[in-house]
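Chain by chain, the residues:
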Amino acid sequence: MWGRQGAGRSWLGSLFASLPVVLGPIGSVVVFIILAAFEGSLCSFVTAVAKEGLYTIFAKYRPQLTARGVFAVAGWIGWQALLFQYLPGKIRTGQVTPAGHILAYRMNGLSAWFVTHLVWIALCWLGILDPAFIPRNWSGLVAAMNLGGVLVAAFAFVKAYASPTHPDDRKFSGSSIYDFYMGIEFNPRFGRDFDFKLFNNGHLGMMVWTLIDFSNMAYQYQTLGHVKPSLILLTILQTIYVLDFFVNEAWYLATIDIEHDHYGFYLAWGCICFLPTMYTIQAQYMGLYPTSPSSAYLTMVFAIGLAGYAVFRSVNNQKDRARRLGPGHQCYIWGKPAEFIVAPYTTSNGTQRTNLLLCSGWWGWSRHANYVGDLVFSYSTCALVGLGSGAVVWTYAIFMTILLVHRCKRDEKRLEGKYGDAWAEYCRRVPWRLVPGIW
Ligand code: NDP
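Just so you know, the residues in each chain are numbered from 1, in the order the chain's sequence is written. The predicted origin of the model limits local features to residues at a pLDDT of at least 70 and limits the giving and counting of side-chain atom pairs to 80 or more, whereas totals for whole chains, interfaces and linings rest on all residues. Excluded from the side-chain calculation are hydrogens and water; included are all heavy atoms of the structure.

To continue, consider the overall build of the chain. Working definition: helices are DSSP H or I runs of at least four residues, strands are E runs of at least two. Numbering for both runs from the N terminus. Along the chain, the regular secondary structure elements total 20 helices and eight strands. We take the radius of gyration over the C-alpha atoms and set the globule estimate at 2.2 Å times the residue count to the 0.38 power. For 439 residues, the compact-globule estimate of 2.2 N^0.38 gives 22 Å, and the chain sits close to it at 22 Å. When the backbone C-alpha atoms are referred to their principal axes, the chain occupies close to 60 × 55 × 50 Å. Note on classification: 1.4 Å probe, protein chains only; a residue is buried when its accessible area is under 20% of the maximum for its type, exposed when over 50%, partly exposed between these limits. Expressed as a percentage of the 439 residues in the chain, the buried residues total 53%. Only heavy atoms matter for contacts: two residues are in contact if any of them lie within 4.5 Å across the pair. In the chain, of all internal contacts separated by at least 6 residues, the share reaching a separation of at least 24 is 75%. For the chain, the accessible surface area stands at approximately 19600 Å², while carbon and sulfur atoms represent 66% of it. Separation of charge centres in the chain, based on 34 positive and 23 negative side chains, amounts to 0 Å. For the area figures, the Shrake-Rupley method with a 1.4 Å probe applies, and any residue is considered shielded solely by the protein chains shown. We treat Lys and Arg as the positive residues and Asp and Glu as the negative residues; His and chain ends play no part in the count. Here the site of a charge means NZ on Lys, CZ on Arg, CG on Asp, or CD on Glu.

Side chains of F16, L19, V22, L23 and I26 sit close together on the surface and give an oily, nonpolar patch of about 480 Å² of accessible area. The residue V22 is located in helix α2 (residues 20–37) in this model. In this analysis, a patch consists of residues with relative accessible area above 30% that form no salt bridge, clustered at 9 Å for like charges and at 5 Å for the nonpolar side chains Val, Leu, Ile, Met, Phe, Trp and Tyr. For salt bridges, the criterion is a side-chain nitrogen of Lys or Arg within 4 Å of an Asp or Glu carboxyl oxygen.

Now for the domain arrangement of the chain. Where a domain begins and ends is set by an automatic assignment or by a domain database. Its domain assignment divides the chain into domain 1 (65–292) and domain 2 (293–439). Tallying the contact residues gives 32 residues for domain 1 and 35 residues for domain 2. The term buried area means the drop in 1.4 Å probe accessible area that two parts suffer when joined, counted for both and summed. Of the roughly 3000 Å² buried at the junction of domain 1 and domain 2 (both faces included), carbon and sulfur atoms supply 65%. Looking at the side of domain 1 facing domain 2, the largest losses of area belong to L237, Y241 and W251, adding up to 22% of the total buried there. Summed over the shared surface of domain 1 and domain 2, the number is three salt bridges. For R407, the salt bridge is made with D257, and the minimal N-O distance between the two is 2.6 Å. Pairing of N or O atoms within 3.5 Å defines a polar contact, subject to two protein rules: one partner must be a possible hydrogen donor and the other a possible acceptor, and residues neighboring in sequence count only if both atoms are side-chain atoms. Scanning the region where domain 1 abuts domain 2 turns up seven residue pairs in polar contact (both at pLDDT 80 or more). At the level of secondary structure, the elements contributing two or more residues to the side of domain 1 that touches domain 2 comprise α11 (229–247), α13 (256–259), α14 (265–278) and α15 (281–288).

As a further point, take the site of the ligand. Contacts to the ligand come from 29 residues, most closely from Y279, Y371, D374, R407 and Y419. Contact between the ligand and Y279: an oxygen atom at 2.6 Å from a side-chain N or O atom of the residue. Sort the elements by how many residues they give to the shell around the ligand and helix α19 (residues 395–419) lands first, with nine residues. When grouped by side-chain class, the residues that make up the shell around the ligand number 16 nonpolar, five polar and eight charged. When residues of the shell around the ligand are sorted by domain, at least three fall in each of domain 1 (65–292) and domain 2 (293–439). The near set for a molecule or strand comprises every residue that places at least one heavy atom within 4 Å of it. Think of it as three bins: nonpolar holds Ala, Val, Leu, Ile, Met, Phe, Trp, Tyr, Cys and Pro, charged holds Asp, Glu, Lys and Arg, and polar takes everything else, Gly as well.

To continue, consider helix α16 (residues 295–325). One less than the number of residues in a helix, times 1.5 Å, gives the span that helix is expected to have. Spanning 31 residues, α16 covers 44 Å between terminal C-alpha atoms, matching the ideal 45 Å at 1.5 Å per step. Looking one or two places after α16, you find G326, whose phi comes out positive at around 75°.

With respect to the helices and strands, W79 occurs in helix α5 (residues 67–86). You can call W79 partly exposed: its relative accessible area is 29%. Here the alpha-carbon distance between W79 and L204, two residues 125 residues apart in the chain, equals 9.9 Å. With residues near it in sequence (within four places) discarded, W79 still touches V115, T116 and V119.

Structure, rendered in structure tokens:
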């Protein structure tokens, strides 16, 4: 049931659930306009809209589709596709899919990250590329990323009907718009190896995040003559997060994105446009409007951000290790043998399997402690911009709060259906979802 309600939802319900197909691109354009034309002030934007109307503001300030933007985005996708396809890497297998497939993935994200960034540095060094290319061409890039995300989602939708990779792993909700939004195919591929989801989420989405940060640093340097500590610290935190993703790429195969989400607009547009435009708002803002919070403030916020990251990584590692090693004395967590609940479940083709629900360490403290670490990290990266910088710089943290709270509920509903009594027993032993005593 992950990612969809299945058949039976009313057409109005499906339409409502698919609203992000329209609201997402509009949101990315609104954020672009607020940053480019209203100095990052939501209030000034709202006032202007109230006075002149949304259409006029959009017509005046919207991102402009340019040949350079289209070429850059298409080139980026093509270049990443080459690295994804041809760079060597260890082969890892994903979880068993609902229809019983076990797929192999080549883990070359880390080497692709280094190649991408080294080539970027070399092109800048040789004077072929302006290191501030991204902020200087942001209007054309935002327009092209929106277009690219929608086109890739449309391609995935048509492919799901015309040439599905694993027809038995498709899901149809009964509503075409909802299927377009949440995806039909579970693991669409070109040939045997080119996996859309891993390529899209990692190589197109996460990879560009640090490039955008670095390019905004270069822009600030070019316009200001130096780079502010707030932007340097933000870039360090986000680089740690991105590198962590690629260092632990095999772990990513066991997360909800790969294990449960189907591939549609949500992931395609999400990683081609939403991630580059929204996750980088802090760097975009600081590139345009440099901020200078005090050193004491920056040190404190940076330290909190690092602590959030440490919790996030430690929680994820505990689950990963526990599931790999299983019960017995070889798996110790916080100095004690790990405790598990054995959770049997039945796959959609009727096969009986079991999984282990870890009840020790962070997983005995709350049921989603990794989200807590991630949220602390997210708020810290926004706080680095400075407290008086307006609402728009908090977009990433607010988005993460909505995403992860919604995920807690989505995930638990699915796990309740999957494990039944074993899940109920886990909830009894670990009654808190996020933070003990609060929720
Ligand atoms: P998790 O890594 O927490 O995976 C959830 C799955 O873990 C469940 O569906 C279940 O899968 C299994 N599970 C649940 N409880 C237990 C337990 N007690 N013991 C063992 N296994 C358990 O969630 P996500 O995939 O959502 O997130 C992975 C990381 O990525 C998180 O740290 C999150 O913060 C981060 N994230 C970041 C985003 C970003 O955009 N920056 C977006 C989304 C996530 P099963 O069916 O196998 O039992």
